[in-house]
Amino acid sequence: MTAPLLRAEGLSLGYGREPIVHDVDLDVAPGRFTVLVGANASGKSTLLRGLARLLPPLGGTVTLGGRPLSALPTREVARTIGVLPQNPVAPEGIVVADLVARGRYPHQRIFRGRSSDDDAVVAGALAATGTASLADRRVDELSGGQRQRVWIAMALAQQPRILLLDEPTSALDVAHQVEVLDVLRAEAARGTTVVLVIHDLTLAARYAEELVVLAEGRIVARGEPGDVLTAETVERAFGVEARVLTDPDTGRPVILPGALAGVISTA
């Protein structure tokens, strides 16, 4: 089933009366891998929270399939949009299979426990994230990369058609970052709309089908990474000079910021 269009129109967001995100228009392309990038305090995480209905608009609207997101029943939203925030916390002592099974709550009837169908979905989510062998392990015993894949498995068990993730690779080493992003790319290939915030521009360019660049709460560029990630855009959004190269294997941009770009250019 095709994911419904998630759209922001004239969206302004903030945590008080002062907006952090200003008058943003954004159509999240259904079934594609979209990455939000920008400097610290650029508004990318705030925008993601607004798209997830975790933060009410100060102005403008967010619609899902043409209907105001704020007016939709909570259970319907939870069946459609899965959200993985920064630094999620698992209940103490919980095992992986039980944590992943919590993703089934939006689909379960009141006063009824897990069904065989739920168990099958949980098993599929564990398999998709390569965590089936961890099913009986306690979450607090896992490595950072393993935990992130387990959290993604829980989100997948929700069977959302749209998946929003805020810095899912934060604090992971490069190998685990790639591991997590490969899982998400595979999910997008199956038709799920994936939107995530990430800091690493080169990884963003490697994985994104559509890249959205924010600066000071506004979208300053969006499109395919090769079109968007220019030296001018990087300087405008991040305030640093950069050299943009092309990865010979993928054809995607590689960003060398600041002093590093100077070292490479004189080597």
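Residues numbered from 1 in each chain as written. Predicted model: local features only at pLDDT ≥ 70, side-chain atom pairs only at ≥ 80, totals over all residues. Heavy atoms only, no water.

### Overview of the layout of surface pockets
The space that makes up the largest pocket amounts to roughly 330 Å³. Forming the boundary of the largest pocket are 23 residues, of which N87, P88, R147, Q148 and W151 lie nearest the centre. When residues of the lining of the largest pocket are assigned to their parent elements, the largest contribution, 4 residues, is made by helix α5 (residues 144–157). Its residues placed into classes, the lining of the largest pocket shows 12 nonpolar, 6 polar and 5 charged. (1 Å grid on protein atoms, 1.4 Å probe; cavity = no way out; pocket = protein on both sides within 12 Å on 5 of 7 lines; lining within 4 Å. Points joined across faces, edges and corners; volume = space filled by probe spheres on them. Helix = DSSP H or I, 4+ residues; strand = E, 2+ residues; numbered from the N terminus. Nonpolar A, V, L, I, M, F, W, Y, C, P; charged D, E, K, R; others polar.)

### Considerations on the side chain of T131
Within the secondary structure layout, T131 lies in the loop between α4 (116–128) and α5. Residue T131 is classed as buried on the basis of its relative accessible area, which comes to 0%. (Buried < 20%, exposed > 50% of the residue type's maximum accessible area, 1.4 Å probe, protein only.)

### A closer look at the sheet that holds strand β5 (residues 67–68)
Taken in spatial order, the 4 strands line up as β2-β1-β4-β5 in an open sheet, and their pairing is antiparallel. The sheet is open, and its two edges are formed by β2 (21–28) and β5, each paired on a single side. Where strand β4 (residues 59–64) and β5 come together, 2 bridges link them in antiparallel fashion. Note that in β5 the partner of L64 across the bridge is R67. (Pairing = 2+ DSSP bridges.)

### With respect to the pairing of β4
Of the pairings in the sheet, the one linking strand β1 (residues 6–13) to β4 comprises 5 bridges and is antiparallel in character. Each bridged residue has a counterpart across the sheet, and for L6 the counterpart in β4 is L64. Between β4 and β5, which pair antiparallel in sequence order, lie 2 residues; one of them, G65, sits at a positive phi of approximately 60°.

### Focus on the nonpolar core
Counting 54 residues, the largest nonpolar core has F33, V35, V100, L184 and L196 as the members making the most contacts within it. No other element matches the 8 residues that α5 contributes to this core. Setting aside its immediate chain neighbours within four residues, V100 contacts V122, A125, L126, V150, A153, M154 and A157. Residues A3, V28, V62 and L164 belong to the second largest nonpolar core, which totals 27 residues. (Core = buried A, V, L, I, M, F, W, Y, C linked by side-chain atoms within 4.5 Å. Contact = heavy atoms within 4.5 Å.)

### Quick look at the confidence of the model for the protein
Across the protein, the average pLDDT comes to 90, with 93% of residues at or above 70. This stretch, residues 260–267, has a pLDDT under 50; its non-local contacts, to residues over four places away or in other chains, come to 6 contacts. (pLDDT = per-residue confidence, 0-100.)

### Some details on the sheet that holds strand β9 (residues 210–215)
Spatially, the 6 strands line up as an open sheet ordered β6-β7-β8-β3-β9-β10, and their pairing is mixed. Whereas interior strands pair on both sides, the edge strands pair on one side only; in this sheet they are β6 (81–84) and β10 (218–223). Shown here is a sheet whose adjacent strand axes are inclined to one another by a mean of 15°, direction ignored. Strand direction decides the pairing type here: β6 and strand β7 (residues 162–166), joined by 4 bridges, are parallel. The residue of β7 that forms the bridge with L84 is L165. (Axes fitted to C-alpha atoms, helices over the stretch in contact; angles between N-to-C directions.)

### Looking at α4
An ideal rise of 1.5 Å per residue puts 18 Å on 13 residues; α4 measures up with 18 Å between its terminal C-alpha atoms. Among all positions of α4, only D118, V121, V122, A125 and L126 are buried. The buried side chains of α4 occupy one side of the element, clustering within an arc of 140° when seen end-on. Within α4, the exposed residues directed more than 90 degrees away from the buried face are S116, D117, A120 and A127. If you follow the buried residues of α4, they end up packed against α3 (96–101) and α5. (Expected span 1.5 Å × (residues − 1). Arc of directions from axis to C-beta.)

### So, the packing of α4 against α5
Here α4 crosses α5 at 140°, and the two axes come no closer than 8 Å. Considering their axes alone, α4 and α5 lie oblique with respect to each other. Note on packing geometry: the crossing formed by α4 with α5 is right-handed. Residues V121, A125, L126 and A128 of α4 touch α5, and the partners they reach there are A153, L156 and A157. Considered class by class, the residues forming the contact of α4 with α5 number 7 nonpolar, no polar and no charged. (Parallel < 35°, antiparallel > 145°, perpendicular 65-115°, else oblique. Left-handed = near helix turned anticlockwise from the far one by under 90°.)

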